Amino acid sequence: MRRAVAIVTALVLFGEAVGVVLINAVLATVVENQSMSLAGMDPAAMSTGTRVMGGVFGLLLALCGLIALLAGVRDRSPGRFRRIVLIGCAVAHGVLGAVTVGLVGWGAFAFMMLVLALLVFTLLAYGPETPAGDGPSEEPVLAAA
């Protein structure tokens, strides 16, 4: 079951990456076409910044999706750095989920919590691996008389 959840998590993150890039592209186009400005900032700079931000967020979400996909396909725990990346992604989804309740609504909150749950389940299902010699032994302990 953990392989299926990791693969579903990866697919959801890939879809979210595409969605974030598209939303930021639309926002950048609107800012550019309307010549919107914030505190006298150049509209071209705002449009470019929005496009770059969307691309960076999309790449980060795709990276998290790739890490989850590799964990699911290999059926192995991600390494330390990859686990940290997935934990950061989960924290970001938790914080953004709290923000979306007021700004977007309960539907967006539910989606963010679904992605958070998938990430947490993937992290828990693929806990850190312990080498074979480091775990407790299966042999009974004999008491000295």
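For the structure itself, look to the data block above.
Note that the structure is predicted; figures quoted are calculated from it, not measured.

1. Quick word on helix 1 (residues 2–34)
In this model helix 1 runs 47 Å from its N-terminal to its C-terminal C-alpha over 33 residues, within 8% of the 48 Å that 1.5 Å per residue would give. Against helix 2 (43–74), helix 3 (80–103) and helix 4 (106–125) lie the buried residues of helix 1. Ser-35, located one to two residues past helix 1, shows a positive phi value of around 50 degrees.

2. Here's the deal with helix 2
Taking 1.5 Å per residue, 32 residues should reach 46 Å; helix 2 reaches 46 Å between its end C-alpha atoms and fits that length. Taken as a whole, helix 2 has its buried residues at Met-46, Ser-47, Thr-50, Gly-54, Gly-58, Leu-61, Cys-64, Gly-65, Ile-67, Ala-68, Ala-71 and Gly-72. Residue Asp-75 follows helix 2 closely and has a positive phi angle near 55 degrees.

3. Some remarks on the packing of aromatic side chains
Per the counting criterion, the structure on display carries one aromatic pair. Plain terms: the ring middles of Trp-106 and Phe-109 are 5.4 Å apart, the flat faces sit at 85 degrees to each other, and that makes the pair edge-to-face. Note that Trp-106 and Phe-109 are positioned in helix 4 at a spacing of three residues, about one turn of the helix.

4. Notes on the pattern of salt bridges
Scanning the entire structure with this criterion turns up two salt bridges. In this structure, Asp-75 engages Arg-2 in a salt bridge whose closest nitrogen and oxygen atoms are separated by 3.1 Å. Separated by 73 residues along the polypeptide, Asp-75 in the loop between helix 2 and helix 3 and Arg-2 in helix 1 bring together distant segments of the chain. According to the relative accessible area criterion, Arg-2 is partly exposed, its value standing at 33%. Across the pair Glu-32 and Arg-51 runs a salt bridge whose closest N-O atoms are separated by 3.4 Å.

5. A closer look at the environment of Phe-121
With respect to the element layout, Phe-121 can be found in helix 4. Spatially, the C-alpha atom of Phe-121 lies 7.6 Å from that of Val-5, the residues being 116 residues apart in sequence.

6. Here's the deal with the nonpolar core
Residues Leu-13, Leu-61, Cys-64, Leu-86, Cys-89 and Leu-119 are the most contacted members of the largest nonpolar core, which totals 13 residues. At the level of secondary structure, the elements contributing two or more residues to this core comprise helix 1, helix 2, helix 3 and helix 4. For Cys-64, the residues in contact, after removing those within four places along its chain, are Leu-13, Val-85, Leu-86 and Cys-89.

Conventions we followed
- Residues numbered from 1 in each chain as written.
- Predicted model: local features only at pLDDT ≥ 70, side-chain atom pairs only at ≥ 80, totals over all residues.
- Heavy atoms only, no water.
- Helix = DSSP H or I, 4+ residues; strand = E, 2+ residues; numbered from the N terminus.
- Expected span 1.5 Å × (residues − 1).
- Contact = heavy atoms within 4.5 Å.
- Buried < 20%, exposed > 50% of the residue type's maximum accessible area, 1.4 Å probe, protein only.
- Phe/Tyr/Trp six-rings, centres within 6.5 Å; stacked < 30°, edge-to-face > 60°.
- Salt bridge = Lys/Arg side-chain N within 4 Å of Asp/Glu carboxyl O.
- Core = buried A, V, L, I, M, F, W, Y, C linked by side-chain atoms within 4.5 Å.

Just distances and angles here, no functional claims.
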